[in-house]
Amino acid sequence: MTYFTSDEFLATFVPILVYWLYSGVYMALGSIFEEYRLHSKKEEDLKNLVSKRDVIKGVLLQQTLQAIVAFLMFKVTEGEVAINSTAESWPWPWFALAKQFFVAMFVFDAWQYFLHRFLYKRIHSWHHHLVVPYAYGSQYNHPLEGLLLDTIGGALSFLVSGMSPRASIVFFSFSTMKGINDHCGLWLPGNPFHIFFANNAAYHDVHHQLFGSKHNFSQPFFVFWDRILGSHLPCSIEKRPEGGLVVRPVKD
């Protein structure tokens, strides 16, 4: 089986396809449901310091580097993957898969928190050109940060958890969707990401604001690193008198 018809190929490119499709859905919803926006469309246009064109170019650059690293990682580990894959059949052993996902989530969160906080003054401020985040700006970063934070963090999650390329299709598609949700700027009723994760669109919106830039570094799944290391800033969601919603900090 060649790379272009393999699980490795799908694991490389399916999350990228998911990124653009899922973020496109959120952008459409943001145009329709103004009452659920955390920032008005006018704020999005006025406050952000980078054009949508440059955001798209930056994301495509990061995804190109991401694809190259994924290709190299699968090449280096293909012998080990082949051994693991012989024991895997559909359906997967769900308990083992859940364990791999939890390990990957923990590794990804730890890597993101500490690099996120360390790189803030150096290069992470590039991402904060999006003062008002939106869905397809989720992966807009300085190229070096994108490589260190997301791409290498994802590779470490894959390697430490021991998941197969087939399992990683699901994991990285899910983590991509989670990151988009955190940046979507919408608080839609019934959103499962908001129900099951304390780290959500409102929580991360705090981090993008001036009053919260030194808080809520945790991403994308849990909040315990913020709680343990004193950077946790809880928030509430209130209605704006002029319509829509706003996120406000709450004293813990």
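Note that this is a predicted model, so its numbers are computed, not measured.

1. A few points about the overall build of the protein chain
Phase 1: Each helix and strand in the protein chain was counted, giving 10 helices and 2 strands.
Phase 2: Walking the protein chain from its N terminus toward its C terminus, one meets helices and strands in the order α-α-α-α-α-α-α-α-α-α-β-β.
Phase 3: Taken against the 2.2 N^0.38 rule, which gives 18 Å for 252 residues, the C-alpha radius of gyration of the protein chain at 18 Å falls within 12% of a compact globule.
Phase 4: Considered along the principal axes of its C-alpha atoms, the protein chain spans approximately 60 × 40 × 35 Å.
Phase 5: Within the protein chain, the fraction of its 252 residues that count as buried is 52%.
Phase 6: By sequence separation, contacts in the protein chain at least 24 residues apart represent 70% of the contacts at least 6 residues apart.
Phase 7: Counting every atom, the protein chain has about 12600 Å² of accessible surface; 69% of that belongs to carbon and sulfur.
Phase 8: In the protein chain, the 20 positive side-chain charges and the 20 negative ones have mean positions that sit 7 Å from each other.

2. So, the nonpolar core
The nonpolar side chains of a soluble globular protein tend to be buried, and buried together.
Phase 1: Y26, V55, M163 and F171 are the most contacted members of the largest nonpolar core, which totals 42 residues.
Phase 2: Mapped onto this core, the elements with two or more residues apiece are α1 (7–32), α3 (52–76), α5 (94–118), α6 (143–161), α7 (165–183), α9 (201–208) and β2 (245–249).
Phase 3: Leave out the neighbours within four places in its chain, and M163 touches Q100, F101, A104, F158, S168 and F171.
Phase 4: Residues A110, Y113, F217 and W225 belong to the second largest nonpolar core, which totals 5 residues.

3. Things to note about the UniProt feature "domain: Fatty acid hydroxylase" (unreviewed entry) in the protein chain
Phase 1: Under the feature "domain: Fatty acid hydroxylase" (unreviewed entry), the UniProt entry names residues 101–231.
Phase 2: End-to-end, the C-alpha atoms of residues 101–231 are 26 Å apart, and along that stretch the chain is 56% helix and 0% strand.

4. Focus: the packing of α3 against α6
Phase 1: Where α3 contacts α6, the axes come no closer than 10 Å and their chain directions differ by 35 degrees. Like other packed secondary-structure pairs, α3 and α6 cross with a definite hand, here right-handed. Where α3 approaches α6, its residues L61, Q62, L65, Q66, V69, M73 and F74 are matched on the opposing element by P143, G146, L147, D150, T151, A155, F158 and L159.
Phase 2: Grouping the constituent residues of the contact of α3 with α6 by class yields 10 nonpolar, 4 polar and 1 charged.

5. So, the packing of aromatic side chains
Phase 1: For the coordinates displayed, the defined rule picks out 27 aromatic pairs.
Phase 2: Arranged with centres 5.1 Å apart and planes meeting at 75 degrees, the rings of F171 and F172 form a pair that is edge-to-face. As far as the burial class goes, F171 and F172 line up, both buried.
Phase 3: Summarising the aromatic geometry, the rings of F224 and W225 are spaced 5.4 Å apart at their centres and angled 50 degrees between planes, so their arrangement reads as tilted.
Phase 4: Note on F224: relative accessible area 28%, which makes it partly exposed.
Phase 5: Over the ring of Y134 we find K52, and its NZ or CZ is 4.7 Å from the ring centre.
Phase 6: Here K178 stacks its cationic end above the ring of F197, 5.1 Å away from the centre of that ring.

6. Notes on the UniProt feature "transmembrane region" (unreviewed entry) in the protein chain
Phase 1: The UniProt entry lists residues 12–33 under the feature "transmembrane region" (unreviewed entry), expressed in the numbering used here.
Phase 2: Taken end to end, residues 12–33 has its terminal C-alpha atoms 33 Å apart, with 95% of it in helix and 0% in strand.

7. Concerning the environment of A198
Phase 1: With respect to the helices and strands, A198 occurs in the loop between α8 (192–196) and α9.
Phase 2: For the pair A198 and I237, spaced 39 residues apart in the sequence, the C-alpha separation amounts to 13 Å.
Phase 3: Excluding its chain neighbours within four sequence positions, the residues that come into contact with A198 are Y203 and V223.

8. Overview of α7
Phase 1: The first and last C-alpha atoms of α7 sit 27 Å apart over 19 residues, in line with the 27 Å expected at 1.5 Å per residue.
Phase 2: With 15 of 19 residues buried, α7 lies mostly within the body of the structure.

Procedures and definitions
- Residues numbered from 1 in each chain as written.
- Predicted model: local features only at pLDDT ≥ 70, side-chain atom pairs only at ≥ 80, totals over all residues.
- Heavy atoms only, no water.
- Helix = DSSP H or I, 4+ residues; strand = E, 2+ residues; numbered from the N terminus.
- Rg over C-alpha atoms; globule rule 2.2 N^0.38 Å.
- Buried < 20%, exposed > 50% of the residue type's maximum accessible area, 1.4 Å probe, protein only.
- Contact = heavy atoms within 4.5 Å.
- Areas by Shrake-Rupley, 256 points an atom, 1.4 Å probe, with all protein chains shown as cover.
- Lys, Arg positive; Asp, Glu negative; His and termini not counted.
- Charge placed at Lys NZ, Arg CZ, Asp CG, Glu CD.
- Core = buried A, V, L, I, M, F, W, Y, C linked by side-chain atoms within 4.5 Å.
- UniProt positions renumbered as here; feature names shortened; annotations may be inferred.
- Axes fitted to C-alpha atoms, helices over the stretch in contact; angles between N-to-C directions.
- Left-handed = near helix turned anticlockwise from the far one by under 90°.
- Nonpolar A, V, L, I, M, F, W, Y, C, P; charged D, E, K, R; others polar.
- Phe/Tyr/Trp six-rings, centres within 6.5 Å; stacked < 30°, edge-to-face > 60°.
- Lys NZ or Arg CZ within 6 Å of the ring centre and 35° of its normal.
- Expected span 1.5 Å × (residues − 1).

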